[in-house]
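Fold and geometry: a report
For reference, the chains in residue letters:
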Amino acid sequence: MDDVRVPPGPGAPHGLRVPAAELVEQFSRSSGPGGQGVNTADSRVQLSLDLGTTTALDPVQRRRVLDRLAERCTGSILTIDASEHRSQWRNRAAARQRLAELLRDAVVPVPPRRATRPTRGSQRRRIVAKRQRSEVKRNRRDPRHE
């Protein structure tokens, strides 16, 4: 199959192109539908990409992707399984599509946090709630110990 192309978007203004040579595909028997052919056809696809060495990412993108996809990676290798279709070819296309979506979402920069202050109304409501809670607890006390 061809290279995996990620369309332009935030974090990748020119898009990304993962060369097919950097992708490792493994095939195995898939569970699920397929009738008699399910035991003979290797239709399940495992697509692997080493995020640490791929030429598709620049250093900033690589750091973002490795941080965001750390849970899904083994070391720096991202593996995607696809077995929802009966055809190996369709599963290969589905795995590549899923890889493109994961990369597109992972390269988006985190928007900077803007520091905000609590509004005057929220501060007042907090103080009023604290006073009410204090009053409730004071009313629960035993009057003999005051």
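Okay, so let's go over this structure. (Residues numbered from 1 in each chain as written. Predicted model: local features only at pLDDT ≥ 70, side-chain atom pairs only at ≥ 80, totals over all residues. Heavy atoms only, no water.)

**A closer look at the environment of glycine 15**
- Within the secondary structure, glycine 15 is located in the loop between β1 (4-6) and β2 (16-18).
- Linking glycine 15 and arginine 5, residues ten residues apart in sequence, is a C-alpha distance of 7.3 Å.
- Residues in contact with glycine 15, not counting those within four places in the same chain, are Val6, Pro7 and Pro8. (Helix = DSSP H or I, 4+ residues; strand = E, 2+ residues; numbered from the N terminus. Contact = heavy atoms within 4.5 Å.)

**A look at helix α2 (residues 88-106)**
- Counted at 1.5 Å a residue, the expected span for α2 with its 19 residues is 27 Å, and the 27 Å between its end C-alpha atoms agrees.
- For α2, the full list of buried residues reads Asn91, Arg92, Ala94, Ala95, Arg96, Leu99, Ala100, Leu102, Leu103 and Ala106.
- Contacts made by the buried residues of α2 are with β1, β2, β3 (23-28), β4 (44-50), α1 (59-68) and β6 (77-82).
- Where α2 begins, one side-chain oxygen reaches toward the backbone nitrogen of tryptophan 89, 3.2 Å away; that side chain belongs to serine 87. (Expected span 1.5 Å × (residues − 1). Buried < 20%, exposed > 50% of the residue type's maximum accessible area, 1.4 Å probe, protein only. Polar contact = N/O pair within 3.5 Å; in protein donor to acceptor, adjacent residues only side chain to side chain.)

**Considerations on the side chain of arginine 96**
- As for its position among the elements, arginine 96 is in helix α2.
- At 2.4 Å, the side chain of arginine 96 and the backbone oxygen of aspartate 2 are in polar contact.
- Once you skip the residues sitting within four places of it in the chain, arginine 96 turns out to touch Met1, Asp2, Asp3, Val4, Leu23, Glu25 and Leu47.

**Brief notes about the nonpolar core**
- Residues Leu51, Val65, Leu69, Leu78, Leu99 and Leu103 are the most contacted members of the largest nonpolar core, which totals 26 residues.
- Taken together, the elements giving at least two residues each to this core come down to β1, β2, β4, β6 and α2.
- For this core, the element with the most residues is α2, which contributes seven residues.
- Residue contacts for leucine 99: discarding those within four places in its chain leaves Val4, Leu23, Leu47, Leu49, Leu78 and Ile80. (Core = buried A, V, L, I, M, F, W, Y, C linked by side-chain atoms within 4.5 Å.)

**Side note on the pairing of β6**
- Residues Leu78, Ile80 and Ala82 line the buried face of β6, whereas the alternating positions Ile77, Thr79 and Asp81 sit on a face that is not buried.
- For β4 and β6, the ladder comprises six bridges, and the chain directions are antiparallel. Across the sheet, aspartate 50 pairs through a bridge with isoleucine 77, a residue of β6.
- Across two bridges, strand β5 (residues 73-74) lies against β6 in antiparallel orientation. What sits directly across from threonine 74, in β6, is isoleucine 77.
- Here β5 hands over to β6 after two residues, with glycine 75 in that stretch at a positive phi of 70°. (Pairing = 2+ DSSP bridges.)

**Considering the packing of α1 against α2**
- Running from N to C, α1 and α2 point in directions that differ by 110°, and their axes come no closer than 9 Å. Our classification of the angle between α1 and α2 gives roughly perpendicular. Contact residues: Arg64, Val65 and Arg68 in α1; Leu103, Asp105 and Ala106 in α2.
- Counted by class, the contact of α1 with α2 contains three nonpolar, no polar and three charged residues. (Axes fitted to C-alpha atoms, helices over the stretch in contact; angles between N-to-C directions. Parallel < 35°, antiparallel > 145°, perpendicular 65-115°, else oblique. Nonpolar A, V, L, I, M, F, W, Y, C, P; charged D, E, K, R; others polar.)

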